[in-house]
Structure formats: C-alpha cells, structure tokens
Amino acid sequence: MNSINRIIRRPCCLLLLLLAALPASLHADDSGFQTVHWAYSAFFGTGWYQIDDNRSVFALNLPFRQTVRPSSITKSGQRKIGFEIHYPLTLGFHNIDDLPGIIEPDNFGTITFTPGLELEIPLSQRWYLRPFINVGWGNELQTNNSSWIYYSGIKSRFTFPADTDNWSLINNLYYAGYNPEIGKSDDLAALLTAVEYRQVLKHSRSSGKPIDLHWSLGYSYLFDDLAFAQTKGGFDSFNDQFIAGLAYSRRNNPFKLGWLKFSRIGLEYRFSSNRTFNGISLNFNSLFKR
C-alpha cells in the first residue's frame, strides 16, 4: 500500500488539447501566449481538427499497446496492479484544407513515436487510477526538423451506482512538453473532468450478442492560454475544450484490426468555449484508458 501511495503522490499532469497546426519556427508572441507546436500532434486522436477556419489538421493515431499484466481486486481488498506498455505512432497532415491540388509550402506532415508505460491501480471495486509516462521523438517531414516529446499524468475513474456501475466519473491530470532541435523548449498542462454513461441495449439483430452505447460529456481546462498564428497575421488563443461523444461496443467482445484491439467505436465532437477550435475525432476507448 505504501508503494501505491508513493505513485499517487508523484506530480503527474494534464490534458493536451488536440492541437498541432504550426511549424517549429513559431513559439510565442509579445503577449506571452504559448504558440501551438507541431510536436503536440503526438496527443491527437484519429480525426480532423480546425483552428479559426484557417488551419486544419488530420491526425492518424495508431495506439499500439501491450498488456503485460491486467489489474484485479478481490472483495477482501487484495490488489494486483496492472501494467501496460504503449507504442503510439501518430501521423499528422497539417493544413490539408488549403491543398489546391499540389502541396504548398505551408502544408506539411509530421510523424511522432512516443512509447510509454501505464499502470492501473485498483483502490476499490469502483475506483481505479492510471498513472503513465511517455517519452519519444517526432519529425516534421518537410523541413526534417525533429523534437523530443514527453508527457505524463494520472487518470482516475469512479463508477456508480454500486448495483450497475453504468456511470463513470473521470478526472485526468496531464503535463507535456517538447525539446526541439531548432527553437526553444516549451510545455503545457491541463485538467479534464468528464462523465460517461453506458446504455445497455438488447442483443444485436445481426450477431445475437449483447451491445452497449457509451455516451460521454467532458470539459478540459488549460492552465495557460494557447496562441496560434493566423494566416493574415496576428494571434488568437483559447484555454479550454468541451467534449461530447457517442460510441458503440460489443460487450466483452472487442473489435480487432490486425495488432490493434478496440473496446468501442464512435465519434467525439470537440470545441473551445470561444469556438476558435473545433474537431471531430474517432473514439476507440474510454477517456480513462486513452
């Protein structure tokens, strides 16, 4: 139990908004805002994202992972900590909405690989924690500029009511940063809180197996405003994100695609409160396990 407490107390942080729309040459303006660096594409889920109608990103994230040991807890309170190794590979295609048929200089691609470790700690039958850490590397393909990338954090899930556990309260605290080959290093931090609801449906007509719908609603807050350059000059910024999602799952029967395994398939809509950031992403898992 002392080892669990030490893990919980370690400073892990914050959600990374799905932002990666600027090349490495941009860092900060005189207002003190952080500018969005392409290295943050490591945190994209698969989907399409747009910033203020002038910059778009399509991200393809391959969330390879290996479960070394699943977690468990008995009714008497005997715990076994789960352990996973992650091998996430992300391809980012930036400003693809501006393509006029040929690649322009302001359109570019990125690739990032950020392997990491994640634990799953059962504190009770309904309360689980997931501390994690990832360290990796990314490259902007057009200029060949590279960057070291790191992120860590801790995720919490509490399910209720006790008889069904259909509701989940999820809180995620993240910290991330990058150290580029050209330019200065930077970091960011954020907090996510969300609720998820599992709607139990009747058996599928096609397979006869039980299926569920998963509804999610969340809000993330950045502790620093993020700024981004506009194509006509100047900067704009935002510091939060709303998340609304719906997914479908085959109960106790995950989807498989080669080496990849998904617990559910669905869509999420993401937007900032000032509506300068919008995105639609594919949802393959609970916010607690991404």
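Because the structure is predicted, anything quoted here is derived from the model rather than measured.

## What to know about the overall build of the chain
Secondary structure assignment for the chain yields one helix and 18 strands. The buried share of the chain, taken over its 290 residues, is 47%. Within the structure as shown, the chain displays about 14400 Å² of accessible surface, and the carbon and sulfur contribution to it stands at 59%.

## Some thoughts on the pattern of salt bridges
Applying the stated criterion across every chain yields a total of nine salt bridges. When the shortest N-O distance is used, the salt bridge between R130 and E84 registers 3.2 Å. Residue R130 is found in strand β9 (residues 127-140), and its partner E84 is found in strand β6 (residues 82-94); the two are separated by 46 residues along the sequence. Comparing R130 with E84, the two get one shared label, buried. Note that E118 is salt-bridged to K155, the shortest N-O span being 3.2 Å. Of this pair, E118 sits in strand β8 (residues 116-122) while K155 sits in strand β10 (residues 145-160); the two residues are 37 residues apart in sequence, bridging distant segments of the chain. Take E118 and K155: they sit in the same class, and that class is buried.

## Structural notes on the packing of aromatic side chains
For any pair of aromatic rings, the description consists of the separation of the ring centres together with the inter-plane angle of the planes. All chains considered together, the criterion is met by 13 aromatic pairs. Ring centres of F58 and F93 lie 6.3 Å apart, and the angle between their planes is 25 degrees; this geometry places the pair in the stacked category. Placement of F58 in strand β3 (residues 55-69) and of F93 in strand β6 is noted, with a sequence separation of 35 residues between them. Ring geometry for F242 against F271: centres 5.3 Å apart, planes inclined by 20 degrees, an arrangement best described as stacked. Note that F242 is positioned in strand β14 (residues 235-250) and F271 in strand β17 (residues 265-271), a separation of 29 residues in sequence. Judged by relative accessible area, F271 falls into the partly exposed class, the value being 21%. Taken together, the aromatic side chains of Y219, F242, Y269 and F271 make up a single cluster linked through ring pairs. One Lys or Arg, R157, reaches over the ring of Y128 and ends 5.9 Å from the middle of that ring. Its guanidinium or amino end placed over the ring of F271, R275 lies 4.9 Å from that ring's centre, counting from NZ or CZ.

Analysis parameters
- Residues numbered from 1 in each chain as written.
- Predicted model: local features only at pLDDT ≥ 70, side-chain atom pairs only at ≥ 80, totals over all residues.
- Heavy atoms only, no water.
- Helix = DSSP H or I, 4+ residues; strand = E, 2+ residues; numbered from the N terminus.
- Buried < 20%, exposed > 50% of the residue type's maximum accessible area, 1.4 Å probe, protein only.
- Areas by Shrake-Rupley, 256 points an atom, 1.4 Å probe, with all protein chains shown as cover.
- Salt bridge = Lys/Arg side-chain N within 4 Å of Asp/Glu carboxyl O.
- Phe/Tyr/Trp six-rings, centres within 6.5 Å; stacked < 30°, edge-to-face > 60°.
- Lys NZ or Arg CZ within 6 Å of the ring centre and 35° of its normal.

Spatial relationships are all this shows, so hold off on functional conclusions.
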